[in-house]
Structure formats: C-alpha cells, structure tokens
Amino acid sequence: MLIVASLLPAMVTLPMQLHAMATGTPQSPVTFVGLMAISMLVSLLIVPLYAGYLRVVDAAERGMPARASDIFNPYRQGEAWRLMGYGLTKMGLYFALFGSVIALTGGGIASWYMQVVTAQASHQAPPALPPGFGIAVALFMVLGIFMLGFYAISLGQVALGRRSVFGAIGDGLVGALKNLLPLLVFAVSLALAWLVAIIALAIVVFLLALIGKLIAPWLIFVLILPLYVALILAMIAVMFGVMYHLWRDVCGDDVMTGTEAAVAP
C-alpha cells in the first residue's frame, strides 16, 4: 500500500513528461514548475503514511499488535496536518541546503540542469558539464549523508517521539551533526552492500532472461516482474527498518526517560 501511494506522484507527472518526449516539444518553465508543484503536493500527502509505516515497524519491534492498514492511522487520528507541516518544513530545509551548495559552486548547475531537461525533450545531445561540477557532486554526497541521518531522526521524533514539527527538525539536525562519522561509515557500508546486491541481482536477471529466451520471450517479463516487485518491497522494508533503528539508537533512550536531546549513546 505504501509503494502504491509513493508511486502516485510519478503516475501524475510521468505521462506529461513522456508526451513531451514523444512529441519532441521542450517543456516550458511554467509546465516544469507545474509538474514539480503537483509532485510536491502529492508527496506531502504521503508523509503521514511514512509516519504510519514507522509506527508499524515500532509496534512489531515491541511485540505489539500491528496491521498493514495501520499506516493510515495518522489520517484517522487527525495527525495528518502536523505531519504534512513537518514534510513541508523538511522540504524547505532541503531546498535551502541544496540551494546553498549550488550558490557556493557558482550557480551554473541549475541552468545546466534545465538545459539537460530541454535537450532530452527535444532529443538533442546534452550540454557539457558546468565549471565546479565535481566539487558540487562531492558536497552533495556529504550533504546527502547528513540528510540521511537527519531524515531518520526527525521523522522518528515527529512520528514516534510525538515531538512538535520544529522540535523534531531541531532534533534531527543536532542528532545528525553529532553522529556524522557513524553516518559516513554507514554510507560506505551501504554502498558496498548495494554493490554486492546489484551484482547478485544482475546474475539472477541474466539467468531468468536466458531461461525465458529458451522457452518463450514473454516468459522473460513473467519471470522478472515478480523479482522486481520483491526487490522494491524488500528495499522499502529495509529502508524504514534502518531509519527506525537509527532513530532508536540516537533518541530511543530519551523518549523512554522523557528527555528530548538528540544525542547518541
């Protein structure tokens, strides 16, 4: 249910993007901004479901009863507005941080990205990389590691710690800063594990495609589709499981004792 809800923004914007690519008509700035606005609006509506899923994980870890439909509890219990407010605040913080990186590296990346989008829509060759692109990528990687910890901690605080929106945002920032080195080690470990998983998945897909070709071409789709769905399900479960345990390691003791500082034990 969460995956279907997460795909809603793409289901709204993807047909428009495919139409622009098929006709070779570049998207106007108004259309691009409209698509982004629709995607952001639907994304905000999904934030309460993320909180509900995290609560399902928490209930399962504590041995409490939990049902799949419990991901909708934030809507049923009238908490959706607070959680969407958290999502909007988090989104604004993301834009501010990533905008700061773009500004520090000269601001050419934003115009380069728009040129890439226009080139794709009109089937033209992509433009050359702008100056400072390598430095921007390195800064984005560091910022991405930080935001990984921030999102896990802040979402856990607003969903499980029952913190206010700005309280959860502050806890996420402080908790991520104080645990930046463990987050870096985790990111490196995750990259290595993902590399191994990609190699194993490629081998499995190759074998399934070989079997499908030997029997019937349509069998390739029948064999690979369940594997793809299973992979997506596993990724969602693992992602929220990691987020939950990261939050619990940083803030779990504080929630139990009634304190609110986001400091790693």
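My aim in this report is to walk through the structure given alongside it, one point at a time. (Residues numbered from 1 in each chain as written. Predicted model: local features only at pLDDT ≥ 70, side-chain atom pairs only at ≥ 80, totals over all residues. Heavy atoms only, no water.)

## Here we look at the overall build of the protein chain
Where we set the bar: Helix and strand assignments come from DSSP, with helices taken as H or I runs of at least 4 residues and strands as E runs of at least 2, each series counted from the N terminus. Note on exposure labels: buried denotes an accessible area under 20% of the residue type's maximum, exposed denotes more than 50%, and partly exposed covers the range between, all computed with a 1.4 Å probe on protein chains only. Here the accessible surface of atoms and residues is derived via Shrake-Rupley with a 1.4 Å probe, and residues count as covered only by protein chains that are part of the display.
Helix and strand counts for the protein chain come out as ten helices and zero strands. Going from N to C terminus, the protein chain has its helices and strands arranged as α-α-α-α-α-α-α-α-α-α. Across the 265 residues that make up the protein chain, the buried fraction comes to 34%. Accessible surface, the protein chain: about 15,300 Å² in total, of which carbon and sulfur atoms supply 77%.

## Remarks on the packing of helix α7 (residues 133-159) against helix α9 (residues 180-215)
Using the following cut-off: Helix axes are fitted to C-alpha atoms over the stretch in contact, other axes to C-alpha atoms as well, and angles between N-to-C directions run from 0 to 180 degrees. The cut-offs work like this: below 35 degrees is roughly parallel, past 145 is roughly antiparallel, 65 to 115 is roughly perpendicular, and the gaps in between are oblique. When checking whether two residues touch, look at their non-hydrogen atoms; a contact exists if any pair is within 4.5 Å. Amino acids are sorted into nonpolar (Ala, Val, Leu, Ile, Met, Phe, Trp, Tyr, Cys and Pro), charged (Asp, Glu, Lys and Arg) and polar (every other residue, Gly among them).
Put simply, α7 and α9 touch, their axes get as near as 9 Å, and they point 105° apart. It follows from the interaxial angle that α7 and α9 lie roughly perpendicular. In this structure, α7 uses Ile-145, Phe-146, Leu-148 and Gly-149 to contact α9, whose residues at the interface are Leu-180, Leu-183, Leu-184, Phe-186 and Ala-187. Split by residue class, the contact of α7 with α9 holds eight nonpolar, one polar and no charged.

## Points about the packing of aromatic side chains
Our working definition: Geometry of aromatic contacts follows a simple scheme: Phe, Tyr and Trp rings, the Trp one being its six-membered ring, pair when their centres are within 6.5 Å, and the pair is stacked under 30 degrees between planes, edge-to-face over 60, tilted otherwise.
The full count for this structure, using the stated rule, is five aromatic pairs. A ring pair is formed by Phe-98 and Phe-140, whose centres lie 5.4 Å apart and whose planes are at 25°; its orientation type is stacked. In this pair, Phe-98 sits in helix α5 (residues 80-104) while Phe-140 sits in helix α7, placing the two residues 42 residues apart along the sequence. An angle of 40° between the planes, with centres 5.9 Å apart, marks the rings of Tyr-244 and Trp-247 as tilted. Taken together, the residues Tyr-244 and Trp-247, both in helix α10 (residues 218-257) and three residues apart, mark about one turn of the helix. What makes Tyr-244 buried here is its relative accessible area of 1%. Residue Trp-247 is classed as buried on the basis of its relative accessible area, which comes to 2%.

## Let's talk about the packing of α5 against α7
To describe two helices that pack against each other, one gives the angle between their axes and the distance between the axes. What counts here: Left-handed is the label given to a crossing in which the near helix is rotated counterclockwise from the far helix by less than a right angle, and right-handed is the label when the rotation is clockwise.
As a packed pair, α5 and α7 sit with axes 11 Å apart at the nearest point and diverge in direction by 165°. Classified by the angle between their axes, α5 and α7 sit roughly antiparallel to one another. Read as a crossing pair, α5 and α7 show a hand that is right-handed. Across the interface between the two elements, Arg-82, Leu-83, Tyr-86, Lys-90, Leu-93, Tyr-94, Leu-97, Phe-98, Val-101 and Ile-102 of α5 pack against Ala-136, Leu-139, Phe-140, Leu-143, Phe-146, Met-147, Phe-150, Tyr-151, Ser-154, Leu-155 and Val-158 of α7. Partitioning the contact of α5 with α7 into residue classes produces 18 nonpolar, one polar and two charged.

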